[in-house]
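# Examining the three-dimensional arrangement
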Amino acid sequence: MENLGHDVVRVTIKQVAQAAKVHYSTVSKALSGRGRIPAATRERIRQIAEQIGYQPDPVMQSLSAQRNPGRGAHREPRIVFLANRWSSDELARGAVVRRLADGVRYQAELMGCTLDLLPLGDAMIDAAEIERQCDPSRTDGIIVGAVDPLSPRLELDWSRYAVVKIDSAFMLPTSTLVANDQMQVARIAFQNAFRLGYRRIGMAVGQLEEKATQNLYSAGCYVAQDELALPDVPILYLGEQREDYPTTVRRVADWIREHRLQIVLSTWASVRELLRDCGLAGPDDISCGCLCLNDPDPALAGVIQHHFVVGQKAAEALAMLIMHRKQGLATPSAATYVGGTWQDGVSAPHYGAGES
Amino acid sequence: MSCDGNEHRRVTMSDVALAANVHKSTVSLALRNQSKLSAATRERIRRIAEQIGYRPDPMLGLFNLRRRLLAPPRPAGGIAFVSDLPNAAAFARSERHERIFSSAREEAKRLNFTMELFLVGPAQLSPARLSQVLLARGITGILLGALSPGTRSLNIDWSRFCVVGIESTQVEPRVDNVSTNYFQAARLAYKALVDDGRRNVGFVIAHDLGTEIDSQLRAGYLVEIHAQTPSRTAPFCRFDPDEGGFEHLRQWIKSEDFDAVVGCGVDLSRVSAQIQPEVAKSLTWASIDIHRAQTGCLCIPPLHRELGRRAVELLVTRLQINLRGVPANPDTTLFPVEWQDAKG
């Protein structure tokens, strides 16, 4: 569990008052800068407050900011969402990152935090700009959003923030993690293919996804093969060493033939096009399912991953850390996983149904 | 929220009071499910609050929690720790349950909640009776305290409660759970042994861990086996001491020619004592412990205290924003384990 949170007995302004031998309302005036008190007293109280470690409580500050707007420079807890490969193009296509960001925003607002998005993929952003945007004096928490293994390394003084990562389990820093449960995703895909009558089931996973999830897809496949007593079809990794597309197509076609596959489950959203390019045109030749659908698609069977929910849970986890004033990287770091939902589709009919 | 009079005015308790034609203190009592009011009144006011879109102010909830951390006034609420062990003596004997419970209670106390143990089962409370008792006493938080694999559902109206499970993912409908990361534990044990020069590592899994923990352990083992030697099929053995388990295990160890064996939820000292000494000695024994806190061999100790603490933290956060019922997309929070050498 996060080891930073167990001595959260806060220093209050009453303790500052005791140490300074003044009434606590005087401390309030001195520290808020709002009351009329001699400058020397103010300075003395400020010094004492600093010595005994008084820090204003961000939750109370944000509460008073909400209830008394326009009164002073109080602010709501601020969360920065570092998003991977952001572009207006991806936004328009409804890419994963937008759903994550929507979920984060929804929950952050519900929990009274403000949210800023920082696109790491933008060419204008460099390390200095990230540091400036995440200025610890006005940033309470950071969500590292689904950064993939090809992204540049992030160098921040993590000890100054509460930190939650979305997916990105493989990368530093080690922090509280919220992710899609890709082991469950792969497992329920196999279970549903089995329910539909398939026995020779192959899984083709992007090398990048496999690495980013620390082998969760493979784990789901192995455990499903084992529990359903399926033939040991090896997993095919796509995009290895950035091979060219014709090579991939050839490898997939060979793999399907060698193992006489009835259905291919893949992390590639374009799995149907891939099979078509292998010369296998539709459910009559071979069935397929996608392991990372964003929406129900009647044409394409597969597993919907709930990115919006993942975003929500990440914001909740971060608000919890901020609330319990746990800064820095949590050790040991817990990981929260959200499961996916299987969806039938034309691309995977009941096995044998097409032949009658 | 009183900050602006225009489009974003929050629905407050006063609005609910007006609509329900009661005083706002009555609304407050009803929404906190206090037994001072009749169940019917509580229900009526809750329905009206829902209709007109009342939601507790999350920032006020956080504020109240922070206040409680500073200066504990009266208890903020009660949490029921639900177990399905047959009786109090069995509960006290189970190190796993006892440790989860005591750490959860400590954390509850820190957050100024009270926690009580409730036993459900044939000789104890029925789940229906339990929910009556909890509602009557105004307890809205429930922890499912490591329920047995055989308990697959509880007849409770979840919409009335905030609930978090501790290693109880088998219970339907699924609720948010906290659990040890058994997948990572199996990978860690395997890797540690291979790094230490073992070539052939077998896994013995207790037969009564339940399908969830069992498949997490197997998944971790299978991923590592495939990474090492892709061609090998992975053997593991389920161990049931009452069903000729020792003999089965002896045969298995002999036939597979292991140089290391990892026990998951298995008392290895009993196992190695039953095996020919020269075989037992030639093997490295390691344990992923699930029930107890220590063993004599290489070991991954369980995380009972972390689980209890985290479950309460999560439950209290949810209670603050009055988030009741079963989630549409349940999640599981997994805690990573650490490898411990024999001396530890």
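For every chain, the first residue of its written sequence is number 1, and the numbers climb from 1 along that sequence. The naming scheme follows written order: chains are lettered A onward, ligands numbered 1 onward. Thresholds applied to this predicted model are a pLDDT of at least 70 for local features of residues and 80 or more for the giving and counting of side-chain atom pairs; totals over whole chains, interfaces and linings are not thresholded and use all residues. The side-chain figures draw on all heavy atoms in the structure; neither hydrogens nor water molecules are used.

## Regarding the overall build of chain A
How we decide: The way it works is that DSSP assigns letters per residue, a run of H or I at least four long becomes a helix, a run of E at least two long becomes a strand, and they are numbered from the N terminus. Exposure categories follow from relative accessible area, calculated using a 1.4 Å probe and restricted to protein chains: below 20% of the type maximum is buried, above 50% is exposed, and the middle band is partly exposed. Areas reported here follow the Shrake-Rupley algorithm with a probe of radius 1.4 Å; residue values treat only the protein chains shown as occluding.
A tally of helices and strands in chain A yields 13 helices and 12 strands. Going through the 356 residues of chain A one by one, you find that 53% of them count as buried. Entry remark: accessible area of chain A is about 16000 Å², with carbon and sulfur atoms responsible for 51%.

## So, the overall build of chain B
Defined as follows: Residues scored as positive are Lys and Arg, those scored as negative are Asp and Glu, and His as well as the terminal groups of each chain are ignored. Every charge is mapped onto a representative atom, which is NZ of Lys, CZ of Arg, CG of Asp or CD of Glu.
The number of helices and strands found in chain B is 13 helices and 11 strands. Counting only C-alpha atoms, chain B reaches 80 × 45 × 35 Å along its principal axes. Counting every position in chain B, which comprises 344 residues, the buried fraction comes to 55%. Measuring between centres, the 43 positive side-chain charges of chain B sit 9 Å from its 37 negative side-chain charges.

## Side note on the pattern of salt bridges
Spelled out, the test is: Any Lys or Arg side-chain nitrogen found within 4 Å of a carboxyl oxygen on Asp or Glu counts as a salt bridge.
Counted by the stated rule, this structure contains 25 salt bridges over all chains. The salt bridge partner of Asp295 of chain A is Arg99 of chain A, with a shortest N-O separation of 2.9 Å. Highlighted residues: Asp295 of chain A in the loop between strand 9 (287-293) and strand 10 (301-304) and Arg99 of chain A in helix 6 (residues 96-110), separated in sequence by 196 residues. For Asp295 of chain A, a relative accessible area of 41% translates into the label partly exposed. Notably, a salt bridge pairs Arg99 of chain B with Glu95 of chain B, separated by 4.0 Å at the nearest N-O pair. Taken together, the residues span about one helical turn, with Arg99 of chain B and Glu95 of chain B both in helix 6 (residues 95-110) at a distance of 4 residues. By relative accessible area, Arg99 of chain B is classed as partly exposed at 25%. One salt-bridge network, held together by shared partners, links Lys313 and Glu316 of chain A together with Asp176, Arg318 and Asp331 of chain B.

## With respect to the packing of helix 13 (residues 307-323) of chain A against helix 13 (residues 304-320) of chain B
How we decide: An axis is simply a line fitted to the C-alpha atoms; with a helix, the fit covers only the stretch in contact. Between two such axes, the angle follows the N-to-C directions and lies from 0 to 180 degrees. Convention used here: angles under 35 degrees read as roughly parallel, angles over 145 as roughly antiparallel, angles from 65 to 115 as roughly perpendicular, and any remaining angle as oblique. In what follows, residue pairs with any heavy atoms lying within 4.5 Å of each other are defined as contacts. The classification used treats Ala, Val, Leu, Ile, Met, Phe, Trp, Tyr, Cys and Pro as nonpolar, Asp, Glu, Lys and Arg as charged, and all other residues, Gly among them, as polar.
In contact at an axis separation of 11 Å, helix 13 of chain A and helix 13 of chain B are set at 100 degrees when each is read in the N-to-C sense. Relative to helix 13 of chain B, the element helix 13 of chain A lies roughly perpendicular. The residues of helix 13 of chain B that touch helix 13 of chain A, namely those facing Glu316, Met320 and Met323 of chain A, are Arg310, Glu313, Leu314, Thr317 and Arg318 of chain B. A breakdown of the residues in the contact of helix 13 of chain A with helix 13 of chain B according to their chemical character gives 3 nonpolar, 1 polar and 4 charged.

## Observations regarding the confidence of the model for chain A
All names here are of chain A. Rule in force here: Residue-level confidence of the predictor, termed pLDDT, takes values from 0 up to 100.
On average, residues of chain A score 82 in pLDDT, and 79% of them are at 70 or above. The secondary structure element of chain A with the lowest average pLDDT is helix 5 (residues 88-92), at 53, and the one with the highest is helix 8 (residues 182-195), at 97. Low confidence marks residues 1-7, where pLDDT is under 50. Its contacts with residues over four positions away, or in another chain, come to 25 contacts.

## Details of the domain arrangement of chain B
Residue and element names in this part refer to chain B. Put simply, the test is: These domain boundaries are the output of an automatic or database domain assignment. Computed with a 1.4 Å rolling probe, the buried area is the accessible surface lost when two parts are put together, summed over both parts. The definition of a polar contact used here is a pair of N or O atoms within 3.5 Å, where within protein one atom must be able to donate a hydrogen and the other to accept one, and adjacent residues in sequence count solely through side-chain atom pairs.
Per the domain assignment, the segments making up chain B are domain 1 (13-70), domain 2 (77-179 + 306-335) and domain 3 (182-300). Measuring from the centre of the C-alpha atoms in domain 2 to the corresponding centre in domain 3 gives 31 Å. Contact between domain 2 and domain 3 buries roughly 750 Å² in total, counting both sides, with carbon and sulfur atoms accounting for 49%. For domain 2, the biggest contributors to the area lost against domain 3 are Glu95, Arg96 and Pro149; these three give 51% of the whole. Taken together, domain 2 and domain 3 are joined by 0 salt bridges. Across the domain 2-domain 3 interface, the total number found is 1 residue pair in polar contact (both at pLDDT 80 or more). It is helix 6 that provides the largest number of residues to the side of domain 2 that touches domain 3, a total of 3 residues.

## Examining the packing of helix 6 of chain B against helix 13 of chain B
All names here are of chain B. Let me state the cut-off plainly: For any pair of crossing helices, the crossing counts as left-handed if the nearer helix is rotated counterclockwise from the farther one by less than a right angle, and right-handed if it is rotated clockwise.
Two numbers describe how helix 6 lies on helix 13: the axes approach to 7 Å, and their chain directions differ by 40 degrees. One way to sum up the angle between helix 6 and helix 13 is to call them oblique. For the crossing formed where helix 6 meets helix 13, the hand is right-handed. For the pair helix 6 and helix 13, the contacting residues are Glu95, Arg96, Arg99, Ile100, Ser102, Ser103, Ala104, Glu107 and Ala108 in the first and His304, Arg305, Gly308, Arg309, Val312 and Glu313 in the second.

## Notes on the sheet that holds strand 10 (residues 298-300) of chain B
Residues and elements named next belong to chain B. To keep things clear, this is the line we draw: Criterion used throughout: strands pair if DSSP finds at least two bridges between them.
Spatially, 5 strands are ordered 7-6-8-9-10 in an open sheet, and the strand pairing comes out parallel. Strand pairing shows two members of the sheet lacking a second neighbour, strand 7 (236-239) and strand 10, which therefore form its edges. Looking at each pair of strands side by side, their axes are set apart by 20 degrees on average, direction ignored. As judged from the 3 bridges shared by strand 9 (residues 284-288) and strand 10, these two strands associate in the parallel manner. Paired with Ser287 across the strands is Cys299, a residue of strand 10. Lying on the sheet, helix 9 (residues 211-228) is in contact with strand 6 (201-206), strand 7, strand 8 (260-264) and strand 9; it crosses strand 6 at an angle near 175 degrees. The strands touched by helix 10 (residues 245-256) within the sheet are strand 6, strand 7, strand 8 and strand 9, with strand 7 carrying the most contacts at an inclination of about 165 degrees.

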